[in-house]
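# Observations on chain architecture
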Amino acid sequence: MSCDAPTHCFIRIIEISLPFCRFFLQIEEEEGGDSFDIHISVSDPEKVGDGMNAYMAYKVTTKTSVALFRQRDFSVKRRFSDFLGLHSKLASKYLHIGYIVPPAPEKSIVGMTKVKVGKEDQSSNEFVERRRSALERYLMRTVKHPILLKDPDVLQFLESSELPRAVNTQALSSAGILRMVNKAAEAVNKMTIKMNESDAWFEEKQQHFENLDAQLRKLHASVECLVCHRKELSVNTAQFAKSAAMLGNSEDHTALSRALSQLAEVEEKIDQLHQDQANADFYLFSELLGDYVRLISAVKGVFDQRMKTWQKWQDSQMLLQKKREAEAKLQFTNKPDKLQQTKDEIKELEGRVQQGERDFEQISKTIRKEVSRFEKDRVKDFKMSIVKYLESLVQTQQQLIKYWEAFLPEAKAIS
Amino acid sequence: MSSFDENNKERLRSVSVDLNNDASLLIDIPDALCERDKVKFTVHTKTTLSSFQKPEFSVPRQHEDFIWLHDTLVETEDYAGLIIPPAPPKPDFESPREKMHKLGEGEATMTKEEYTKMKQELEAEYLAVFKKTVQVHEVFLQRLSSHPVLSKDRNFQIFLEYDQDLSVRRKNAKEMFGGFFKNMVKSADEVLIAGVKEVDDFFEQEKTFLLDYFSKIKEATAKAEKMTRSHKNIADDYIRLSATLNSLSAEESTNYYIIKFCLKLFQNFLRVCLKKVEGRVASDEELKLTELLRYYMRDIQAAKDLLYRRARALADYENSNKALDKARLKGKDVSQAEEHQKRCLQKFDTLSESGKKELTNFKARRVVAFRKNLVEMAELEVKHAKNNMTLLQGCIELLSGN
């Protein structure tokens, strides 16, 4: 079933008045040959070198049955700038023709400097883990794209043991790409002729992504707040546990003293639960939202590229018009060379105009496909993450039950 | 503006203290009114004692009246050997008031749904503070009614029975006692307590124990308060999250019905279950643990006050001895000095005797209260976690399409 006809599938769904769970099955069936088998993991961060020239090397392992690859299970070592290099190559090849290229993770000078300087503390470990996870998600999103998967740069990135170092990564960082995208947006805003949008679909979708962007940013901020408070709760629980232990020591009634010490132990274990939950809040929820905020910027960029393409086509058309006028004028003068030159230029421009129109139609077609694919993936992604998050919450509750049920007899033993 | 629900009173009543179920004098606060910041409590008494004019009656009282009662008891010489139940703290609506202020400021930026939700939360918090303050005032009176000596106090009876405004009496008391006398008698001087040479093993032990225990319980109370505040913050976060998710799910176009439903389910779940349960966990935990610690911190302060009064009595006795020796040396006013010394000794002995009884009872009472509350807290935690888990698992099943 072609992805170009989303309305078809959904009319069918609405007709069927089954419980909601069936909707998910429906979407799954529709996909058909969309499933492919490739899994990438980024692991074993290793510091290479010393001082300010040091960097982190990550092991990138690919497990796949896709025929494009020479092997089924292989790994390579890559550093952060390699990922940025890959993204910049893909962006330069595919963005302007309407493909949504997943953005690479953000650069972080502060985080990286700490690591380089050799600070082996919790915050630099957290930074490395955060980056590792982000790189993994980045690669998985990239290879999930059917076109990007086949790109030789991607294959080289995953397979070859040696990779030429990406130069000038500052321009290639995701912030750099964002700047490039923003420049395109600015150019669009400055367009003297406003594009006459004959296709309502594009207008609708653009508005939708604008709104989505605003909502996701807000949601992201809320979740970051939650993570912060959960970490605070963990700290406060640990402190309370200590004070309860001291109170237990001070207590002169034996059974009560023991119960208070047990309470302190329970609270200590619960503190660990809070920490684990904060991690889940962060990785399953907060980072997901952050990824999508960046992804939607890429989507918006693609729409802007379409406008640019349209503008180029219009410019060629305007130029052609001018040349035709010039030709008409030259008809009345006795300048055969100039006339011929103009006729040649017109021929060239006619070709350009045709190409411009073709490009515009192609990018429009590509964007429709891309948006449909993107939305579908987004649904799957969100659903999976939500389920995982809920499961993490279940896990926490189970542990809480265990701890408090173990404490209860101790409390009852006070007499 | 807001009044107190009869049903909720039952659940709250027996939080911190084991109550005496002596039917001869039963006191409760069945109703209370909140006007701006002033709370008016309805104190209801049921009694079989002949010392009261009627078998059942109610009077309106303010927080200041409770403080007056507490202070007059403390300043009564005869009760120097007793642990006077700690005065209930002033009703503190600071936190919900702050929230209301924030809500008012942020009204323009919030959606209607968010605003309604936050308003509901605010009302719930107001109610929680309200219930708490009613409870501590009630417990104060019940401690008095269950004490063999204090329950017979004349001022206590006036407090319960006098159907006029007590503010006149309050003013008189202030004039009579004056501020500085209060400070002298009420607050325990740790230096004096620690410095006194103790002859009695029992009191020596109690002194060491109480001084140390007080600092530990004060610390534990502070940390417990921080912990419950964090829980409340998280509950608030979940409310905000669910409001944002609501807006997000509204945005998702009807083409992608799936994700809209998915988000709506998630959001409903967050709103109904987690917020309620997290919020409830925060307030139950607060009631049981934090209030328990807070209450006994104040109670131990009262016990320390008793030790202080006894230490002063001992100091007075030692001074009277010295005065007697001096008088004997000089040969002047010997009989006076002898009288004084005898009185001081008597006072000291009375204090020691009743003090010992009070402190022993106090320990027993404390152990029972801790047991009760710790057990109830653990049972509630288990119950809430189980509820939470059931809801979560139901949600997961729906989402996974099973």
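As a convention, each chain's residues are numbered from 1 in the sequence order in which they are written. For this description, chains carry letters from A and ligands carry numbers from 1, given in the order in which they are written. Only residues with pLDDT of at least 70 get local features here, since the model is predicted, and only at 80 or more are side-chain atom pairs given and counted; chain-wide, interface and lining totals rely on the full set of residues. The side-chain figures draw on all heavy atoms in the structure; neither hydrogens nor water molecules are used.

### As for the interface of chain B and chain A
By a frequent convention, interface size equals the accessible area lost on bringing the separate parts together. For the record, the criterion: Should any heavy atoms of two residues lie within 4.5 Å, those residues are counted as being in contact. Here the quantity called buried area is the accessible surface, traced with a 1.4 Å probe, that two parts lose on coming together, added over both. By definition, a salt bridge exists where a carboxyl oxygen of Asp or Glu is found within 4 Å of a side-chain nitrogen of Lys or Arg. Under this definition, polar contacts are N or O atom pairs within 3.5 Å; protein pairs additionally need one hydrogen-donor-capable and one acceptor-capable atom, and for neighbouring residues in sequence, both atoms have to be side-chain atoms. Here a helix means four or more residues in a row that DSSP labels H or I, a strand means two or more in a row labelled E, and each is numbered from the N terminus. Here the nonpolar group is Ala, Val, Leu, Ile, Met, Phe, Trp, Tyr, Cys and Pro; Asp, Glu, Lys and Arg are the charged ones; every other residue, Gly included, is treated as polar.
Counting residues at the interface gives 65 residues for chain B and 66 residues for chain A. Of the roughly 6,400 Å² buried between chain B and chain A, counting both surfaces, carbon and sulfur atoms make up 74%. Joining chain B to chain A, the criterion identifies 5 salt bridges. Summed over the shared surface of chain B and chain A, the number is 14 residue pairs in polar contact (both at pLDDT 80 or more). Taken together, the elements giving at least two residues each to the side of chain B that touches chain A come down to helix 8 (201-251), helix 9 (257-330) and helix 10 (334-400) of chain B. A per-element tally of the side of chain B that touches chain A places helix 8 of chain B first, with 24 residues. Across the side of chain B that touches chain A, the residue classes tally to 37 nonpolar, 11 polar and 17 charged.

### Describing the UniProt feature "coiled-coil region" (unreviewed entry) in chain A
Put simply, the rule is: UniProt positions are given in the numbering used here, feature names are shortened, and annotations may be inferred rather than shown by experiment.
Feature annotation in UniProt assigns "coiled-coil region" (unreviewed entry) to the following positions: residues 339-366 of chain A. Within the segment residues 339-366 of chain A, helix and strand shares are 100% and 0% respectively, and the terminal C-alpha atoms sit 40 Å apart.

### Points about the packing of helix 8 of chain B against helix 10 of chain B
Residue and element names in this part refer to chain B. This is how it is decided: Geometry is summarised by axes, namely lines fitted to C-alpha atoms with helices restricted to the contacting stretch, and by angles between N-to-C directions that run from 0 to 180 degrees. What sets the label is the angle itself: under 35 degrees gives roughly parallel, over 145 gives roughly antiparallel, 65 to 115 gives roughly perpendicular, and the rest give oblique. Less than a right angle of anticlockwise turn of the near helix away from the far helix marks a crossing as left-handed, whereas a clockwise turn marks it as right-handed.
For the pair helix 8 and helix 10, interaxial distance at closest approach is 12 Å and the crossing angle is 40°. For the element pair helix 8 / helix 10, the angle class is oblique. You can see that helix 8 and helix 10 cross each other, and the crossing is left-handed. The residues of helix 10 that touch helix 8, namely those facing Phe202, Phe203, Glu206, Phe209, Leu210, Tyr213 and Ile217, are Ser352, Gly355, Lys356, Leu359, Thr360, Phe362, Lys363, Arg366 and Phe370.

### Looking at the environment of Glu204(A)
Residue and element names in this part refer to chain A. Rules: The buried label applies to any residue whose accessible area, calculated with a 1.4 Å probe on protein chains only, is under 20% of its type's maximum; exposed applies above 50%, and partly exposed to all values in between.
By secondary structure assignment, the location of Glu204 is in helix 10 (residues 200-250). According to the relative accessible area criterion, Glu204 is exposed, its value standing at 54%. In this structure, the C-alpha to C-alpha distance between Glu204 and Lys63, residues 141 residues apart in sequence, is 39 Å.

### Quick word on the packing of aromatic side chains
Residue and element names in this part refer to chain A. What counts here: Working definition: a ring pair exists when centres of Phe, Tyr or Trp rings (six-membered ring for Trp) sit within 6.5 Å. Plane angles under 30 degrees give stacked, over 60 give edge-to-face, the rest tilted.
This structure, assessed with the given rule, holds 23 aromatic pairs over all chains. Taken together, a centroid distance of 6.1 Å and an interplanar angle of 75° make the contact between Phe202 and Phe303 edge-to-face. Pair noted here: Phe202 is in helix 10 and Phe303 is in helix 11 (residues 254-331), with a separation of 101 residues, a long-range link. The class for Phe202 is buried, based on a relative accessible area of 0%. You can call Phe303 buried: its relative accessible area is 2%. Aromatic pair Phe285 and Tyr389: ring centres 5.0 Å apart, planes at 45°, arrangement tilted.

### Side note on the pattern of salt bridges
The final tally for this structure, using the stated rule, is 43 salt bridges over all chains. Across the pair Glu251(A) and Arg366(B) runs a salt bridge whose closest N-O atoms are separated by 2.5 Å. One end of the pair, Glu251(A), is in the loop between helix 10 and helix 11; the other, Arg366(B), is in helix 10, on a second chain. One exposure class covers both Glu251(A) and Arg366(B), and it is buried. Here Asp200(B) makes a salt bridge to Lys356(B), at a shortest N to O gap of 3.9 Å.

### Quick look at the pairing of strand 2 (residues 25-35) of chain B
Residue and element names in this part refer to chain B. Convention followed: DSSP calls a pair of strands paired once it identifies at least 2 bridges connecting them.
In the sheet, strand 2 pairs with strand 3 (residues 38-47) via 9 bridges, with the strands oriented antiparallel. Residue pairing across strands places Ile27 opposite Thr45, the latter belonging to strand 3. Between strand 2 and the antiparallel strand that follows it, strand 3, lie 2 residues; Arg36 among them carries a positive phi value of about 50°.

### Quick notes on the environment of Phe140(B)
Residues and elements named next belong to chain B. Relative to the helices and strands, Phe140 is located in helix 4 (residues 112-145). Expressed as a C-alpha distance, the spacing of Phe140 and Ala87, which sit 53 residues apart in the sequence, is 6.8 Å. If we ignore the near neighbours within four places in the chain, the residues touching Phe140 are Phe66, Leu69, His70, Pro85, Pro86, Ala87 and Pro88.

### What to know about unusual backbone geometry
In this model, Asp44(A) sits at a positive phi of 50°, which is unusual for a non-glycine residue. Within the secondary structure layout, Asp44(A) lies in strand 1 (residues 38-48). Here the phi dihedral of Asp333(B) falls at roughly 50°; this positive angle occurs in a residue that is not glycine. Relative to the assigned elements, Asp333(B) resides in the loop between helix 9 and helix 10.

### Quick notes on helix 3 (residues 80-94) of chain A
Worth spelling out the cut-off: Multiply 1.5 Å by the residue count of a helix minus one, and that product is the helix's expected span.
Between its terminal C-alpha atoms helix 3 of chain A stretches 21 Å, which fits the 21 Å expected from 15 residues at 1.5 Å a residue. With respect to burial, helix 3 of chain A is a largely interior element, 12 of its 15 residues being buried.

### Concerning the state of the cysteines
All names here are of chain A. Selection rule: Disulfides are defined in this document as cysteine sulfur pairs within 2.5 Å.
In total, this model carries 0 disulfides over all chains according to the counting rule given. Cys228 takes part in no disulfide bond, and the closest cysteine sulfur, belonging to Cys225, lies 6.5 Å away. Accessibility expressed as a relative area gives 45% for Cys228, which makes it partly exposed.

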